[in-house]
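# Structural overview for review
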Amino acid sequence: AGALATLCRVDCAAPPWRHAPNRLAPPTTPAPHRMAAYLIRRLWQMIPTLIGVVLLVFFLFKYFGGDPAEILGGLNASPDQIQAIRDQLGLNLPVWEQLWIFFRQIVTFEWGKSWATNESVANLFMTRLPATLTVMVPILLLDVLLAIPFAMAVAAVRGSLTDRSLMVVTTVALSISFLVYVIVGQYLFAFQFGWFPVQGWSDSTLTNLLVYTPLPVLLAVMVGLAPHMRLYRTFFLDEIGQDYVRTARAKGLTERTILLKHVLRNALIPILTNVAVALPGIFVGSFLIETFFSIPGLGREVLLAVNRSDYPVIQAVTIYIAVITMCVNLATDVLYKLADPRVVLK
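A brief look at the structure comes next.

### Re a nonpolar patch on the surface
Together, V168, V172, I176, V180, I183, V184, Y187, L188, F191, F193 and W195 line one region of the surface with nonpolar side chains, adding up to about 1100 Å² of accessible area. Elements with a minimum of two residues in the nonpolar patch: α8 (161-174) and α9 (178-192). Residue contributions to the nonpolar patch peak at six residues, all from α9. On the secondary structure map, F191 appears in helix α9. The class of F191 is exposed, set by a relative accessible area of 58%.

### Side note on helix α14 (residues 298-308)
Here α14 has its buried residues at L298, G299, E301, V302 and A305. On an axial view of α14, the arc spanned by its buried residues comes to 160°, and they lie on one face. Looking one or two residues beyond α14, the residue adopting positive phi is S309, at roughly 55°.

### Some thoughts on the environment of L209
Inspection of the secondary structure puts L209 in helix α10 (residues 205-212). Taking C-alpha positions, L209 is 9.0 Å from P138, a pair spaced 71 residues apart along the chain. Those residues within four positions of L209 in sequence are excluded, and the remaining contacts are T134, P138 and P214.

### Overview of the nonpolar core
Ranked by internal contacts, the top residues of the largest apolar core, which has 22 residues, are F102, W111, F125 and I319. At the level of elements, α3 (31-63), α6 (95-108), α7 (121-156), α14 and α15 (311-339) are the ones that each hand at least two residues to this core. Discounting chain neighbours no more than four positions away, the residues touching F125 are P130, L298, A316, V317 and Y320.

### Digging into the pattern of salt bridges
Counted by the stated rule, this structure contains six salt bridges. Of the charged contacts in the structure, one is a salt bridge between R246 and D243, with a shortest N-O distance of 2.0 Å. Here D243 and R246 lie together in helix α12 (residues 243-250), a separation of three residues that amounts to about one turn. Residue classification places D243 among the exposed positions, given a relative accessible area of 51%. Between R249 and E255 there is a salt bridge whose closest N-O contact spans 2.8 Å. Exposure remark for E255: the relative accessible area of 40% places this residue in the partly exposed category. Residues joined in a network through salt bridges with shared partners are E119, R128 and E301.

### Overview of the packing of α7 against helix α11 (residues 214-240)
One way to put it is that α7 packs onto α11 with a least axis distance of 7 Å and a crossing angle of 40°. Between α7 and α11 lies a crossing whose hand is right-handed. Taken together, the residues that form the contact of α7 with α11 break down as 22 nonpolar, two polar and two charged.

### Quick notes on the packing of aromatic side chains
Applying the stated criterion to the full structure yields eight aromatic pairs. Their ring planes at 20° and their centres at 5.8 Å tell us that F189 and W195 sit as a pair that is stacked. A relative accessible area of 17% means that F189 is categorised as buried.

Rules of the game
Residues numbered from 1 in each chain as written. Predicted model: local features only at pLDDT ≥ 70, side-chain atom pairs only at ≥ 80, totals over all residues. Heavy atoms only, no water. Patch = residues over 30% accessible without salt bridge, like charges linked within 9 Å, V, L, I, M, F, W, Y side chains within 5 Å. Areas by Shrake-Rupley, 256 points an atom, 1.4 Å probe, with all protein chains shown as cover. Salt bridge = Lys/Arg side-chain N within 4 Å of Asp/Glu carboxyl O. Helix = DSSP H or I, 4+ residues; strand = E, 2+ residues; numbered from the N terminus. Buried < 20%, exposed > 50% of the residue type's maximum accessible area, 1.4 Å probe, protein only. Arc of directions from axis to C-beta. Contact = heavy atoms within 4.5 Å. Core = buried A, V, L, I, M, F, W, Y, C linked by side-chain atoms within 4.5 Å. Axes fitted to C-alpha atoms, helices over the stretch in contact; angles between N-to-C directions. Left-handed = near helix turned anticlockwise from the far one by under 90°. Nonpolar A, V, L, I, M, F, W, Y, C, P; charged D, E, K, R; others polar. Phe/Tyr/Trp six-rings, centres within 6.5 Å; stacked < 30°, edge-to-face > 60°.

This is a description of form; function is not addressed.
Below, the structure is given as structure tokens:
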């Protein structure tokens, strides 16, 4: 009886295609090929989405943004002057021809010149974007690297005095406007303590990172840390309550091993989703930071372009933010597979 039971267990445990691989093995595709096929398919699907965004931006600016010739000419411009401006900007061309020029500008990265400053839009991007990245990249990295361990530590002591105290603190932090953080931060850290300059910028990236960006980065992280920590705490608590955690504890694994090896990896999927959603918003948030701290970045330039009705700059930023959003979503889907091998890319 014991031998028969052992034989039955072996036969039931072994998949049928192990005995006849040529006849019963399901067709499989190598993982690199599946990944390449998925990337090609997703890139192909991004084309109609991008076309839809381009058409939406073009027609919104053309029919709902006002007449650029009248905006540039001002109130005292004569009809002849307005007509000359329209001819210069190509606004009298047929709609399909203007749309083709718009597509060509996107593909060639040549948006002409700014209507307000007469500076090349391409040169504007190349000269302003490094300052924006110098501020935004540290904010993104610190926000994620601090929120995850703090949220995990709070979730591990759920219901304790530490947990309740931090939840109260984060709730209060969420209720305070970013403008209050900026005003109070500049007053305390710059005017009272003299730790950081209120504003300024240099041509040296190292000087900017060590002198001019710490204060705006500190304030931005203080604003973003509270909501992200509360959200990530929820993700960790959902995973801690799963059956596999109780099984790991029954096997004698330590809490540190369970949290770092099992809970964190399973909670990475919603965390990656939240980071992907927040990433374009961080670039939008740079508009306020660069304005308050006089940082010569792309965000401040966009605000100036909006105030001047500088359409070429606004259109270029809108299109490129849409492209960045789609690329971030694609990269996030690929990271899903790396974080959890059970995810199937279809």
